[in-house]
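# Summary of the model geometry
Here is what each chain is made of, one letter per residue.
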Amino acid sequence: MVQIAPSILSADFANLKTEIMRLEEAGADLIHLDVMDGSFVPNLTFGAPVIKAVRPYTRLPFDVHLMVRHPETMLADFAAAGADIITVHAEAVTHLDKALDTIRSLGCKAGVSLNPATPEDVLEYVLDKLDLVLVMSVNPGFGGQSFIESTLKKIARIREMAAGREISIEVDGGINPMTAAEAVAAGADILVAGTAVFAGGDYARNISALR
Ligand code: DX5
Ligand code: ZN
């Protein structure tokens, strides 16, 4: 079963509450929240207070993607704000093993994200501490970029590494009905999509097209 996680990076930020309610109604499985710090990635979005403010308006799990340097210092804030999954970037954290332990100890699912050029080897010694791997299929920072094809090989390799474990593979960036099919064939089971969900305004139709 493939799950669709709309990224609210493409939502109308002036109406986040209604956007999130509309996504639930349209059949989204998770809400993907892109937290950017203007340093790890060249863009700045929102943090834990905004996530906390919109948390009461949906029952869908909150999938928090931290594109920030030193996320270790903020994990407790995001858990308290209502995150269900917290994903840190392997490139942004010094003690990955410890960060994953911390996320689970806060009662959240633990994710690791890899930029397009980061090899999957960094996952090898933390496989037992992982609930999810978020494979970036664009360089993080902005919506609306094109899917990087070399990502498919990485997804397939991670699927092999994760065999026998309950690890979700989520793919993020440039997902449309065509790249969605390729990513799922390679082994992804959660698809993040911003542009493809919000384009034209018919969220339900866009979500079923991705499914
Ligand atoms: C990119 C973000 C993505 C982004 C995807 O840095 O992590 O979640 O919103 O946007 P699209 O689907 O437009 O590529
Ligand atoms: Zn994301």
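Keep in mind it's a predicted model, so treat the numbers as computed, not measured.

## Overview of the packing of aromatic side chains
Given two aromatic rings, their pairing is described by the distance between the two centres and the angle made by the two planes. For the structure shown, the criterion picks out two aromatic pairs. For the pair Phe 13 and Phe 46, a centre-to-centre distance of 5.9 Å together with 70° between the ring planes defines the contact as edge-to-face. Placement of the pair is Phe 13 in the loop between β1 (3-6) and α1 (16-25) and Phe 46 in the loop between β2 (31-36) and α2 (48-54), with a sequence separation of 33 residues. The buried category is assigned to Phe 46, whose relative accessible area is 10%. On the numbers, 4.9 Å between centres and 65° between planes, the contact of Phe 198 with Tyr 203 is edge-to-face. The positively charged end of Arg 22 is found above the aromatic ring belonging to Tyr 203, 3.9 Å away from the centroid. A cation sits over an aromatic face here: Arg 55 above Phe 62, 3.8 Å from the ring centre.

## What about the coordination of the zinc ion (ligand 2)?
Only His 32 (NE2), Asp 34 (OD), His 65 (ND1) and Asp 172 (OD) from the protein reach the zinc ion (ligand 2) as donors, at distances of 2.0 to 2.3 Å. Geometry at the zinc ion (ligand 2) is octahedral, judged from its six donor atoms and the angles of 66 to 168° they form at the metal.

## Some points on the nonpolar core
Ile 8, Ile 51, Leu 66, Ile 86, Leu 130 and Ile 175 are the most contacted members of the largest nonpolar core, which has 65 residues in total. Not counting chain neighbours up to four residues away, the residues in contact with Ile 8 comprise Phe 13, Leu 16, Ile 20, Leu 23, Ile 31, His 32, Leu 33, Phe 46 and Phe 198. Counting seven residues, the second largest nonpolar core, distinct from the first, contains Ala 5, Leu 30, Leu 132 and Val 192.

## Points about the environment of Gly 173
Note that Gly 173 resides in the loop between β7 (168-172) and α6 (177-186). Linking Gly 173 and Val 138, residues 35 residues apart in sequence, is a C-alpha distance of 5.0 Å. Apart from residues no more than four positions distant in its own chain, Gly 173 is found in contact with Ser 137, Val 138, Phe 147 and Val 192.

## Comments concerning the site of ligand 1
Among the 20 residues in the neighbourhood of ligand 1, the closest are listed as Asp 34, Gly 141, Asp 172, Gly 194 and Thr 195. Gly 141 is positioned such that a nitrogen or oxygen atom in its backbone is 2.7 Å from an oxygen atom of ligand 1. Between ligand 1 and Asp 172, the relevant distance is 2.7 Å, taken from an oxygen atom to a side-chain nitrogen or oxygen of the residue. In isolation ligand 1 exposes 380 Å². Once the protein is present, 99% of that is buried. Within the residue set of the shell around ligand 1, elements represented by two or more residues are β2, β3 (62-67) and β8 (190-193). Broken down by element, the residue count for the shell around ligand 1 peaks at three residues, all from β2.

Cut-offs used in this document
Residues numbered from 1 in each chain as written. Chains lettered and ligands numbered in written order. Predicted model: local features only at pLDDT ≥ 70, side-chain atom pairs only at ≥ 80, totals over all residues. Heavy atoms only, no water. Phe/Tyr/Trp six-rings, centres within 6.5 Å; stacked < 30°, edge-to-face > 60°. Helix = DSSP H or I, 4+ residues; strand = E, 2+ residues; numbered from the N terminus. Buried < 20%, exposed > 50% of the residue type's maximum accessible area, 1.4 Å probe, protein only. Lys NZ or Arg CZ within 6 Å of the ring centre and 35° of its normal. Donors = N, O, S within 2.8 Å, 3.2 Å for Na, K, Ca; no water. Tetrahedral: all angles 85-135°; square planar, octahedral: opposite > 155°, others 65-115°. Core = buried A, V, L, I, M, F, W, Y, C linked by side-chain atoms within 4.5 Å. Contact = heavy atoms within 4.5 Å. Near = heavy atom within 4 Å. Polar contact = N/O pair within 3.5 Å; in protein donor to acceptor, adjacent residues only side chain to side chain. Areas by Shrake-Rupley, 256 points an atom, 1.4 Å probe, with all protein chains shown as cover.

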